[in-house]
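Fold and geometry: a report
This is what each chain is made of:
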Amino acid sequence: GLARFTIEVAVDDFNAEWLPLPYAPAAFTADGDWRYDPVSLSVLSAGPQQKRATNGLTYSATVVDVTPTRAELSRAIAGRPRDTFTAALPADFPTEIVEIARRITSAAKTDGEKAILLQDWLRSSVFSYSTEPAPGSGYEALTQFLLVDRSGYCEQFASSMAVMARVLGIPARVAIGFLHPQPAGPNTWIYSSDDMHAWPELYFDGAGWVRFEPTPA
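Residues numbered from 1 in each chain as written. Predicted model: local features only at pLDDT ≥ 70, side-chain atom pairs only at ≥ 80, totals over all residues. Heavy atoms only, no water.

1. A short note on the pairing of strand 12 (residues 208-211)
Rule in force here: Two strands qualify as a pair provided DSSP detects at least 2 bridges between them. Under the DSSP-based scheme used, a helix requires at least four consecutive residues in state H or I and a strand at least two consecutive residues in state E, with every element numbered from the N terminus.
Examined bridge by bridge, strand 11 (residues 196-204) and strand 12 share four bridges and lie antiparallel to one another. The residue bridging Leu202 from the neighbouring strand is Val210, located in strand 12. Between strand 11 and strand 12, which pair antiparallel one after the other, the connecting turn spans three residues, and Gly206 there sits at a positive phi close to 85 degrees.

Here it is in structure tokens:
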């Protein structure tokens, strides 16, 4: 079966209403008033200090490792998550982005291969990472990023892969969390708020939400 492991978390000076947890959480124990969403598998504070719920908090959780291998992913087909809005696109979505998503993935035989090709394209030398956000928002900024500037920060890479995945019929969402932690002793790691990051998660049959990393190193 899938590997299960237990984590113990001690939060320092970090304010959030969402309980930081790896995917996929199976159980957790935390002081305070928390709500668990079985659809997104997220945990949200409902207490009086909601926006500061994680500050100084110590908690534990059991997590199931559902991450597929690249070989498993290459055979995967898109699933149908319970949060159906993650498959939706507006009626006026730009045709230029639809066309480029289809062109980049034209050689793929499965949905999993399409996702890998999208990620590889965004991580290629065609794009570069920048900490300076471009002006504008919405479709104009998205089209400018994908077709003209091709330089952006993690939120742009994450949202671009998510919307192109939806174009191809793969449900997708953008997650906010942390980059890889620093080792701090046996079985101990430190996550820093300086390493906040965004990435896309795509939904596949039998695997659930799968994390991708389209942002160049």
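2. Quick notes on the pattern of salt bridges
Rule in force here: Should a side-chain nitrogen of Lys or Arg be within 4 Å of a carboxyl oxygen of Asp or Glu, the pair is scored as a salt bridge. We call a residue buried when its accessible area falls under 20% of the maximum for its residue type, exposed when it is over 50%, and partly exposed in between, using a 1.4 Å probe and counting protein chains only.
Evaluation of the coordinates by the stated rule reveals five salt bridges. Measuring nitrogen to oxygen at the nearest pair gives 4.0 Å for the salt bridge that ties Asp111 to Lys114. Remark: Lys114 and Asp111 occur in helix 3 (residues 111-123); sequence separation between them is three residues, near one turn of the helix. A salt bridge links Arg173 to Glu201; the nearest nitrogen and oxygen atoms lie 2.8 Å apart. You can see Arg173 sitting in strand 8 (residues 172-178) and its partner Glu201 sitting in strand 11, a full 28 residues away along the chain. Taken individually, Arg173 and Glu201 each receive the classification buried, so the pair is uniform in this respect.

3. Comments concerning the packing of aromatic side chains
We count it as follows: Side-chain rings of Phe, Tyr and Trp (the six-membered ring for Trp) are treated as a pair once their centres are within 6.5 Å; stacked means planes under 30 degrees apart, edge-to-face means over 60, and tilted covers the remaining angles. Placement of a positive charge over a ring is assigned whenever Lys NZ or Arg CZ falls within 6 Å of the ring centre and within 35 degrees of the normal to the ring plane.
Counted by the stated rule, this structure contains nine aromatic pairs. Consider the rings of Phe145 and Phe157, whose centres lie 5.0 Å apart with planes at 90 degrees: the pair is edge-to-face. Residue Phe145 is found in helix 4 (residues 138-149), and its partner Phe157 is found in helix 5 (residues 154-167); the two are separated by twelve residues along the sequence. Exposure class is identical for Phe145 and Phe157. Each is buried. A cation sits over an aromatic face here: Arg211 above Trp199, 3.7 Å from the ring centre.

4. Topic: the sheet that holds strand 2 (residues 25-30)
What counts is decided by this rule: Think of each axis as a best-fit line through the C-alpha atoms, taken over the contacting stretch in the case of a helix, with angles from 0 to 180 degrees between the N-to-C directions.
Spatially, 1-5-2 is the arrangement adopted by the three strands of the open sheet, whose pairing is antiparallel. Looking along the sheet, the strands with just one partner apiece sit at the ends: strand 1 (4-10) and strand 2. Pairs of neighbouring strands in the sheet enclose a mean axial angle of 15 degrees, with direction left out of account. Two strands pair when backbone bridges link them, and strand 2 and strand 5 (residues 58-64) are joined in this way by five bridges, in the antiparallel orientation. For Pro25, the partnering residue across the bridge sits in strand 5 and is Val63.

5. Observations concerning the nonpolar core
What counts here: To form a nonpolar core, buried Ala, Val, Leu, Ile, Met, Phe, Trp, Tyr and Cys residues must be joined to one another through side-chain atoms within 4.5 Å. Note on definitions: a residue-residue contact is assigned when non-hydrogen atoms from the two residues lie within 4.5 Å.
Formed by 32 residues in total, the largest nonpolar core has its most connected members in Trp121, Leu122, Leu146, Met164, Leu202, Phe204 and Phe212. For this core, the secondary-structure elements that each account for two or more residues are helix 2 (95-104), helix 3, helix 4, helix 5 and strand 11. No other element matches the seven residues that helix 5 contributes to this core. Beyond its immediate chain neighbours, meaning those up to four positions away, Met164 contacts Ile97, Ile100, Ala101, Leu118, Trp121, Leu122 and Leu146. By size, the runner-up hydrophobic cluster in this structure holds eleven residues, among which are Ala53, Leu57, Tyr59 and Phe178.

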